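Residue-level structural notes
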Amino acid sequence: MNYNLTSGKIGKSLIIFSLPMILGNLIQQLYNITDTLIVGKGIGPVALSAVASSYALMVLLTSIVLGLCMGSSVVFSQLYGAEKYKVAK
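For every chain, the first residue of the written sequence is number 1, and numbering continues from 1 along that sequence. The predicted nature of this model means local features are confined to residues of pLDDT at least 70 and side-chain atom pairs, given and counted, to a pLDDT of 80 or more, with totals for whole chains, interfaces and linings taken over all residues. In computing side-chain values, all of the structure's heavy atoms are included and hydrogens and water are not.

1. Re the overall build of the protein chain
Stated precisely, the cut-off is as follows: Numbering of helices and strands runs from the N terminus, with a helix taken as a DSSP run of H or I at least four residues long and a strand as a DSSP run of E at least two residues long. Our radius of gyration looks at C-alpha atoms and nothing else; its globule reference is 2.2 Å times the residue count to the power 0.38. A simple rule labels every residue: compare its accessible area, found with a 1.4 Å probe on the protein chains alone, to the largest value its type can have, and call it buried under 20%, exposed over 50%, or partly exposed in between. Per-residue and other accessible areas were derived by the Shrake-Rupley procedure at a 1.4 Å probe size, with only the shown protein chains allowed to occlude residues.
The secondary structure content of the protein chain amounts to 3 helices and 0 strands. The helix and strand sequence of the protein chain, counted from the amino end, reads α-α-α. A compact globule built from 89 residues should have a C-alpha radius of gyration of about 12 Å, whereas the protein chain, at 19 Å, is more than 25% larger. For the protein chain, the C-alpha atoms occupy an extent of roughly 55 × 30 × 20 Å along the three principal directions. Taken over 89 residues, the protein chain has a buried fraction of 7%. With an accessible surface of roughly 7600 Å², the protein chain has 73% of that area assigned to carbon and sulfur atoms.

2. Side note on helix H2 (residues 45-81)
What counts, and what does not: For a helix, the expected span equals 1.5 Å multiplied by the number of residues minus one.
Here H2 spans 54 Å end to end across 37 residues, near enough to the 54 Å set by a 1.5 Å rise per residue. Phi turns positive one or two residues past the end of H2, at Glu83, with a value near 60°.

3. Section: a nonpolar patch on the surface
To be explicit about the condition: Any residue with relative accessible area above 30% and no salt bridge may belong to a patch, with like charges joined within 9 Å and the nonpolar Val, Leu, Ile, Met, Phe, Trp and Tyr side chains within 5 Å. Take a side-chain nitrogen of Lys or Arg and a carboxyl oxygen of Asp or Glu: if they are within 4 Å of each other, that pair is a salt bridge.
A cluster of nonpolar residues, Leu57, Met58, Leu60, Leu61, Ile64 and Leu68, forms a patch on the protein surface that exposes about 580 Å² of accessible area. Among the secondary structure elements, Leu68 is positioned in helix H2.

4. Comments concerning the side chain of Ser13
Rules: Identification of polar contacts relies on pairs of N or O atoms within 3.5 Å, with a donor-acceptor requirement for protein atoms, meaning one able to donate a hydrogen and the other able to accept it, and with residues adjacent in sequence counted only if both atoms are side-chain atoms.
Take Ser13: it is sitting in helix H1 (residues 10-42). Here the side chain of Ser13 touches Lys9 through a polar contact of 3.1 Å, landing on its backbone oxygen.

5. Some details on the packing of H1 against H2
A pair of packed helices is captured by two measures, namely the crossing angle of their axes and the spacing between those axes. As a reminder of what qualifies: Here an angle of 0 to 180 degrees is reported between the N-to-C directions of two axes, which are lines fitted to C-alpha atoms, with helices fitted over the stretch in contact. Between 65 and 115 degrees an angle is taken as roughly perpendicular, under 35 as roughly parallel, over 145 as roughly antiparallel, and anywhere else as oblique. When the near helix sits turned anticlockwise from the far one by under a right angle, the crossing is termed left-handed; a clockwise turn instead gives a right-handed crossing. In what follows, a contact means two residues having at least one pair of non-hydrogen atoms within 4.5 Å. We call Asp, Glu, Lys and Arg charged. Ala, Val, Leu, Ile, Met, Phe, Trp, Tyr, Cys and Pro are nonpolar, and the rest, Gly among them, are polar.
Where H1 meets H2, the closest approach of the two axes is 9 Å, and the angle between their N-to-C directions is 165°. Between H1 and H2, the angle is such that the two are roughly antiparallel. Considering the relative orientation of H1 and H2, their crossing is right-handed. Side by side, H1 and H2 meet where Gln28, Gln29, Asn32, Asp35, Thr36, Val39 and Gly40 of the first sit next to Ala47, Leu48, Val51, Tyr55 and Thr62 of the second. In terms of residue class, the contact of H1 with H2 is built from 5 nonpolar, 6 polar and 1 charged.

Below is the structure:
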């Protein structure tokens, strides 16, 4: 699928551009809810507190990786715009 983000309505382009990230966040939240339900009902409160503690760490690590990806995409976009394809590779 090829979609041109530089033409058309800005709002529609932003929504289409952000859909994968929104879906990823929703799936991550559903995983956390499922994990909490299974661990809370099956193992007990100590394990549930471990799940809750590790969730904050996972959000931190995911945010760091997303930040690095967004930052590197700026560099790649600039190289692509300058037609420096070999440097970008």
